[in-house]
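As a plain string of letters, each chain reads:
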Amino acid sequence: MIHHLRVFTGVILLTCIGGLAGQQFKTMTRPGLPSGKQATFKLAVGDVNGDGMPDIVYANMGTTVPGTQNQLYLADGKGGYVDATKTNLPVKTDWSGAVVLADLDGDSDLDIVFGNLGGDSKLYLNDGKGVFKDAGTKLPYVPTTIYAIVAGDVDGDKDLDLVMGFYVLLNDGKATFKFGTSLPVQKRSWGSAIGDVDSDGDLDVIVGGFRLQPNLFLNDGKGVFSDGTSQLPPMFVDVRGNFGLGDVDGDKDLDIYFPNINGQNRLYLNDGKGKFTDVTSAQLPQVSTQEYASVLGDVDNDGDLDAMTAGTTGAVATQNKIYLNDGKGTFSDDTKTRVPSVSDNSVCCVLADMDLDGDLDFVIGNWEAQNTLWINLHRHTYAQSQPRIGRNYALDFYGLPGYATVAQAVVAFGGLVLTPRVLVSPYGYLGVHPVGLFLLPSGVIKSPGGKFTMSLPIPNDSNFRGFELAWQGLILQKSALRLTNAFVDKVR
């Protein structure tokens, strides 16, 4: 293979093309997620098999009781995902309303808890390689349907406990759970978040539900919660999915961003002691579409938390959205210029760096539709089509697509696929093997387009068919060099 690589690099001629790029996010279709249309209700992201790449767990509800099989998608190390459900998850028909990934038994890998219908919730323990087994009675019988789960050390004993609906389950450190004192207000929660909202050093819990007043529960440090709902604005918010908890205004405390499927989204700012003020009318755009779930994260790498939402109205698909933060907690709707213009029946979402290029991608769960992944093109390598013998191959390098204010330099290179990725601090993750690595001509990503395209003629030689290479770029952004993702392609 190394011999072929040398021949290949010796015959490449390049034409560099400047080009206008579109939005900041792009639906990943090459290689894309495995096909399938499950009724996903919640999802979680994390590296379950220890290869350094984030994987995806889907909690599928199904359209009718008793439900359907939950799913596990493993990153393949080449930019795509394989459905490992049959080999790595117990075979189980579930009506799952919630999922959490966390190291519950202290063995440094991620375990799964699914919140299920009518007391059938499950704890699956990881063998370290991403194969899960039912832990049986280590998770006690939780006598209700669970739509929201959070994990955190609520009693201060250095292991991760669970809050499932209004039940508090305390961990012995080895993933055997017992009931603690339940939350004082017992109602069906559809979304929850955990964090220290009153700055006293322990984890508090916020719960939202179906056309209800959200609740705040304050921790005494030992995992016993008191009702602090009076410290929230007295307003019903229709929370059906996950919501955002984070410092949006830069004052070092945790604020709340609620999606609202039955009206205007809500933004509550924290005074640092857990008392919240509704600043929605002054600091959020007025929206006309209902939104099912929200998540906070710095999607434009400017140091503050932005909001992205998954939108659906019952069975009606709507546009997922992006709201950018000005750094002080005032948000603007930048959906039309930054995200794909598509309508999905989306009910859950996560922000995570799925391709290890240092920016946050948007993972979306859809109801009775193909689940989707929107890749952040903040620095990204991509090709629209597979290379073919005797034809030109267009390789795209993205910088700040559509909104760059200055040109960005890119140094491109290719070679054999490096698995697992190797962290080369401070530049990011290398996905091209150092042995046999070859440089392509450098280029300029012009502003504001944010894309630079190379045209590579593929030799008209059948020996190259099936040849697999990784492509990557090193991009200068804001006086810092950062690696893009490694994009892997195979010659046809």
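If you're wondering where the values come from, they're calculated on a predicted model, not measured in any experiment. (Residues numbered from 1 in each chain as written. Predicted model: local features only at pLDDT ≥ 70, side-chain atom pairs only at ≥ 80, totals over all residues. Heavy atoms only, no water.)

## Remarks on the overall build of the protein chain
- Looking only at helices and strands, the protein chain features four helices and 45 strands.
- Taking 2.2 N^0.38 as the reference for a compact globule, 492 residues should give roughly 23 Å; the C-alpha atoms of the protein chain span a radius of gyration of 23 Å, in line with that estimate.
- The dimensions of the protein chain, computed from C-alpha atoms along their principal axes, are 70 × 50 × 40 Å.
- Every one of the 492 residues in the protein chain was classed for burial, and the buried ones make up 58%.
- Across the protein chain, contacts joining residues at least 24 apart in sequence account for 56% of those joining residues at least 6 apart.
- For the protein chain, the exposed surface amounts to about 19,200 Å²; the carbon and sulfur share of it is 53%.
- Of the charged side chains in the protein chain, 39 are positive and 55 negative, and the gap between their average positions amounts to 8 Å. (Helix = DSSP H or I, 4+ residues; strand = E, 2+ residues; numbered from the N terminus. Rg over C-alpha atoms; globule rule 2.2 N^0.38 Å. Buried < 20%, exposed > 50% of the residue type's maximum accessible area, 1.4 Å probe, protein only. Contact = heavy atoms within 4.5 Å. Areas by Shrake-Rupley, 256 points an atom, 1.4 Å probe, with all protein chains shown as cover. Lys, Arg positive; Asp, Glu negative; His and termini not counted. Charge placed at Lys NZ, Arg CZ, Asp CG, Glu CD.)

## With respect to a nonpolar patch on the surface
- Together, Val422, Val424, Tyr427, Leu476 and Leu481 line one region of the surface with nonpolar side chains, adding up to about 360 Å² of accessible area.
- Locating leucine 481 in the fold gives a position in strand β44 (residues 480-483). (Patch = residues over 30% accessible without salt bridge, like charges linked within 9 Å, V, L, I, M, F, W, Y side chains within 5 Å. Salt bridge = Lys/Arg side-chain N within 4 Å of Asp/Glu carboxyl O.)

## Remarks on the confidence of the model for the protein chain
- Of the residues in the protein chain, 95% reach a pLDDT of 70 or more, and the chain-wide mean stands at 92.
- Here residues 9-14 is a poorly scored stretch, pLDDT under 50, and it has twelve contacts once near neighbours within four places are set aside; other chains count.
- Predicted confidence for residues 16-21 stays below pLDDT 50, and this span has 14 contacts to residues more than four positions away or in other chains. (pLDDT = per-residue confidence, 0-100.)

## Notes on the sheet that holds strand β9 (residues 96-102)
- Taken together, four strands build an open sheet; the order of strands is β9-β10-β11-β12 and the sheet is antiparallel. Edge positions in the sheet fall to β9 and β12 (132-134), since each has one partner strand and no second. Averaged over all adjacent pairs, the angle separating strand axes in this sheet is 25°, with direction ignored.
- Pairing of strand β10 (residues 111-116) with strand β11 (residues 122-126) involves three bridges; the strand directions are antiparallel. (Pairing = 2+ DSSP bridges. Axes fitted to C-alpha atoms, helices over the stretch in contact; angles between N-to-C directions.)

## Quick look at unusual backbone geometry
- With an omega of -5°, the peptide bond running from threonine 419 to proline 420 counts as cis.
- With respect to the helices, strands and loops of the structure, proline 420 is situated in strand β38 (residues 417-424).
- The backbone phi angle of serine 199 is positive, close to 60°, even though this residue is not glycine.
- Along the chain, serine 199 turns up in the loop between β17 (191-195) and β18 (204-208).
- Overall, the relative accessible area of 48% leaves serine 199 in the partly exposed class.
- At arginine 211, a residue that is not glycine, the phi angle is positive and equals roughly 55°.
- Relative to the helices and strands, arginine 211 resides in the loop between β18 and β19 (215-219).
- For arginine 211, a relative accessible area of 46% puts it in the partly exposed group.

## Section: the state of the cysteines
- Here the structure, examined in full by the defined rule, presents zero disulfides.
- No disulfide involves cysteine 348; its nearest neighbouring cysteine sulfur is the one of cysteine 349, lying 7.1 Å away.
- On the basis of relative accessibility, which here comes to 3%, the residue cysteine 349 falls in the buried class. (Disulfide = S-S within 2.5 Å.)

## Some words on the pattern of salt bridges
- Tallied over the entire structure, the rule returns ten salt bridges.
- Between lysine 78 and glutamate 468 there is a salt bridge whose closest N-O contact spans 3.3 Å. Of this pair, lysine 78 sits in the loop between β6 (71-75) and β7 (81-83) while glutamate 468 is found in strand β43 (residues 468-477), placing the two residues 390 residues apart along the sequence.
- Between arginine 240 and aspartate 238 there is a salt bridge, and its shortest N-O distance comes to 2.7 Å. Note on accessibility: arginine 240 and aspartate 238 belong to one class, buried.
- Here the salt bridges do not stand alone but share partners, grouping Lys92, Asp94, Asp120, Lys122 and Asp134 into one network.

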